[in-house]
Amino acid sequence: MAGRLKVGVLISGRGSNLQALIDAAKDPSYPAEIVLVLSNKPDAKGLERAAGAGIATAVISHKDFADRKSFDGAMTEALESAGVELICLAGFMRLLSAEFVEHWRDRMINIHPSLLPLLPGLDTHERALEMGLRLHGCSVHFVRQEMDSGPLIGQAAVPVLPDDDAESLAARVLEAEHRLYPACLKLLAEGRVKVEGERCRVEGTPSAQALVNPLA
Ligand code: GRF
């Protein structure tokens, strides 16, 4: 199919969200294709997933660069020579320089395991339990300089159940992540997401449903 959006995925580890994107893009009618998977860690498991799917990979280790700016510059070079039009961050564990974020402004998205703007940062599942949240979830958003901020494209909510620990809650959220990320990328690649100021307008008809927890 001509005109699929060319996507570069940045990872640092396991790559289960990368896998969800790979699986979605296997369908030739999916409007995006992954042209490069880039990791800052040579032993990231996601690199094997990419190679297994016949996708080009690159390792750019932050340890080989004097500063963040030159590391980010090398990443941009690799991404652009692969023809990347949109970056998906998928468990990429490095902070990005202001230059990099500006260069890819509105062309870089991230998935985060909480219902942003609640719980930016790490250990979201532990903190959701500590706070006694009844609903938790994940968000896909455009990337801005401030960590885990930026216009929201999509969110998925899951219930927090009475016997949850961080592990069981993380697993429930991860399942939702694997559905949400490919769905958001599809909308974007179809040109149905517009950034207006610091919000997104998403064209389409959402199903009118409410998730209520506990269901009384
Ligand atoms: C996911 O929970 C994602 O939301 C967060 O980092 C984790 C990456 O997991 N940004 P994986 O590498 O995709 O399995």
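Residues numbered from 1 in each chain as written. Predicted model: local features only at pLDDT ≥ 70, side-chain atom pairs only at ≥ 80, totals over all residues. Heavy atoms only, no water.

(A) Main features of the overall build of the protein. Counting its secondary structure elements, the protein contains six helices and nine strands. In terms of overall size, the protein behaves like a compact globule, its C-alpha atoms giving a radius of gyration of 17 Å where 216 residues would be expected to give roughly 17 Å. For the protein, the spread of C-alpha atoms along the three principal axes comes to 55 × 40 × 35 Å. Counting over 216 residues, the protein shows a buried share of 46%. Accessible surface computed for the protein: about 11100 Å², of which carbon and sulfur atoms make up 53%. Positive and negative side-chain charges of the protein, numbering 23 and 29 respectively, have mean locations separated by a distance of 3 Å. (Helix = DSSP H or I, 4+ residues; strand = E, 2+ residues; numbered from the N terminus. Rg over C-alpha atoms; globule rule 2.2 N^0.38 Å. Buried < 20%, exposed > 50% of the residue type's maximum accessible area, 1.4 Å probe, protein only. Areas by Shrake-Rupley, 256 points an atom, 1.4 Å probe, with all protein chains shown as cover. Lys, Arg positive; Asp, Glu negative; His and termini not counted. Charge placed at Lys NZ, Arg CZ, Asp CG, Glu CD.)

(B) Layout of the sheet that holds strand S2 (residues 32-39). Reading across the sheet, the seven strands line up as S3-S2-S1-S4-S5-S6-S7 and stay open at both edges, with mixed pairing between neighbours. Since the sheet does not close on itself, it has two edges, and those belong to strand S3 (57-59) and strand S7 (152-159), each with one partner. Put simply, the sheet's adjacent strands are angled 20 degrees from each other on average, direction ignored. Direction of pairing for strand S5 (residues 108-112) relative to strand S6 (residues 135-142): antiparallel, over a ladder of four bridges. Directly across from Ile 111, in S6, lies its bridge partner Val 140. Relative to S3, helix H2 (residues 45-52) is tilted by about 155 degrees, and along the sheet it contacts strand S1 (5-11), S2 and S3. (Pairing = 2+ DSSP bridges. Axes fitted to C-alpha atoms, helices over the stretch in contact; angles between N-to-C directions. Contact = heavy atoms within 4.5 Å.)

(C) Inspection of the site of the ligand at higher detail. Every residue close to the ligand is listed here: Arg 14, Gly 15, Ser 16, Asn 17, Gly 91, Ile 111, His 112, Pro 113 and Glu 177. Contact distances for the ligand include 2.8 Å between an oxygen atom and a backbone N or O atom of Asn 17. In isolation the ligand has 360 Å² of accessible area, and contact with the protein removes 85% of it. For the shell around the ligand, the secondary structure elements donating two or more residues are helix H1 (16-25) and S5. When the residues that make up the shell around the ligand are grouped by side-chain class, the tally is two nonpolar, five polar and two charged. (Near = heavy atom within 4 Å. Polar contact = N/O pair within 3.5 Å; in protein donor to acceptor, adjacent residues only side chain to side chain. Nonpolar A, V, L, I, M, F, W, Y, C, P; charged D, E, K, R; others polar.)

(D) How the structure looks around the side chain of Glu 177. Relative to the assigned elements, Glu 177 resides in helix H6 (residues 166-189). Buried and without a salt bridge, Glu 177 has Arg 14 as its closest oppositely charged side chain, separated by 6.2 Å. Those residues within four positions of Glu 177 in sequence are excluded, and the remaining contacts are Asn 17, Ile 111, Pro 113, Cys 138 and Pro 182. (Salt bridge = Lys/Arg side-chain N within 4 Å of Asp/Glu carboxyl O.)

(E) Highlighting the pattern of salt bridges. Under the defined criterion, the tally for this structure stands at nine salt bridges. Across the pair Asp 106 and Arg 144 runs a salt bridge, and its minimum N-O distance is 2.8 Å. Within this pair, whereas Asp 106 is found in the loop between helix H4 (98-103) and S5, its partner Arg 144 is found in the loop between S6 and S7, the two being separated by 38 residues in sequence. On the basis of relative accessible area, Arg 144 is assigned to the buried category, the value being 10%. Between Arg 144 and Glu 198 there is a salt bridge; the shortest N-O distance is 3.2 Å. Of the two residues, Arg 144 sits in the loop between S6 and S7 while Glu 198 sits in the loop between strand S8 (193-196) and strand S9 (199-202), which places them 54 residues apart along the sequence. Through salt bridges with shared partners, a single network forms among Glu 102, Arg 105, Asp 106, Arg 144 and Glu 198.

(F) The arrangement of the pairing of S9 in detail. Of the pairings in the sheet, the one linking S8 to S9 comprises four bridges and is antiparallel in character. Bridge pairing in S9 links Lys 194 to Arg 201.

(G) Molecular detail of the nonpolar core. Residues Val 9, Val 37, Cys 88, Ile 109, Ile 153 and Leu 185 are the most contacted members of the largest nonpolar core, which totals 43 residues. No other element matches H6, which puts nine residues into this core. Once residues lying within four places of it in the same chain are set aside, the contact partners of Leu 185 are Leu 5, Val 7, Leu 21, Tyr 30, Ala 32, Leu 86 and Cys 88. Core analysis: the second largest hydrophobic core is formed by 20 residues, Leu 38, Phe 92, Leu 96 and Phe 100 among them. (Core = buried A, V, L, I, M, F, W, Y, C linked by side-chain atoms within 4.5 Å.)

(H) Geometry of the environment of Val 160. Relative to the elements of secondary structure, Val 160 occurs in the loop between S7 and H6. A residue is classified by how much of its surface remains accessible, and Val 160, at 6% relative accessible area, is buried. Along the sequence, Val 160 and His 125 sit 35 residues apart, while their C-alpha atoms lie 9.7 Å from each other. Apart from residues lying up to four places away in sequence, Val 160 is in contact with Leu 129, Leu 133, Arg 134, Leu 135, His 136, Leu 169, Arg 172 and Asn 213.

Fair warning: the whole summary comes from geometry, so function is off the table for now.
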